[in-house]
Amino acid sequence: MAEGGAGKSGEAPATVEATMTIKKAPRAEVEELPKAIVRRVVKDKLSQLASGGEEEDVSVQKDALLAFSESTRIFIHYVSATANDICKESKRQTINADDVLKALEEIDFPEFVEPLKVALEDFRRKNAVKKSGSKGRQTKKRKVDELSTKNGEDGGDGSDE
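Residues numbered from 1 in each chain as written. Predicted model: local features only at pLDDT ≥ 70, side-chain atom pairs only at ≥ 80, totals over all residues. Heavy atoms only, no water.

**With respect to a nonpolar patch on the surface**
Residues L46, L49 and F68 make up a contiguous nonpolar surface patch of roughly 270 Å² in combined accessible area. Mapping F68 onto the fold places it in helix α4 (residues 62–89). (Patch = residues over 30% accessible without salt bridge, like charges linked within 9 Å, V, L, I, M, F, W, Y side chains within 5 Å. Areas by Shrake-Rupley, 256 points an atom, 1.4 Å probe, with all protein chains shown as cover. Salt bridge = Lys/Arg side-chain N within 4 Å of Asp/Glu carboxyl O. Helix = DSSP H or I, 4+ residues; strand = E, 2+ residues; numbered from the N terminus.)

As structure tokens, then:
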């Protein structure tokens, strides 16, 4: 999320919302959520709710998808602005996950906090596995390079050691 910035008059806007209002005209297309993703999320959830977990084809009108998309965009802006305020109160410039969790509680959505904590923990666990896996490959590659250099396979540049 943008960390404030100077408006056209040179003054810093009071909130993130003010910044977005100023920049909204040239960036209107950028702020839209991908329609295909919104459609998939809405249809998946509605089909689960309609049939108790079985797949059922649910149709959603274009204007309803637009309403879902716009509602989601507004919700993201609201949570972002609140998390930004929490961050600034802590005299920091970078919003972290805890700021978002506190923002959800502050705007009266405490039921989202636990599922989000579970998703964050899962995300962090997967990233830790990815990082450890990529470090392992780099270490193996270095060992192979070191062994080939020790065995005289120095890349074939013709030099004798």
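Next comes the rest of the account.
**As for the packing of aromatic side chains**
The tally for this structure, following the rule as stated, stands at 3 aromatic pairs. Between F75 and F112, the ring centres sit 6.1 Å apart and the planes meet at 75 degrees, which makes this aromatic pair edge-to-face. In this pair, F75 is assigned in helix α4 and F112 in the loop between α5 (97–106) and α6 (113–150), connecting sequence segments 37 residues apart. Owing to a relative accessible area of 27%, F75 belongs among the partly exposed residues under this scheme. (Phe/Tyr/Trp six-rings, centres within 6.5 Å; stacked < 30°, edge-to-face > 60°. Buried < 20%, exposed > 50% of the residue type's maximum accessible area, 1.4 Å probe, protein only.)

**Some thoughts on the packing of α4 against α5**
Each pair of packed helices can be described by the angle between their axes along with the distance between the axes. In contact at an axis separation of 8 Å, α4 and α5 are set at 115 degrees when each is read in the N-to-C sense. With respect to their mutual orientation, α4 and α5 come out roughly perpendicular. Handedness of the crossing formed by α4 with α5: right-handed. Contacts between α4 and α5 pair F75, V79, T82, A83, I86 and C87 from the former with D99, V100, K102, A103, L104 and E106 from the latter. (Axes fitted to C-alpha atoms, helices over the stretch in contact; angles between N-to-C directions. Parallel < 35°, antiparallel > 145°, perpendicular 65-115°, else oblique. Left-handed = near helix turned anticlockwise from the far one by under 90°. Contact = heavy atoms within 4.5 Å.)

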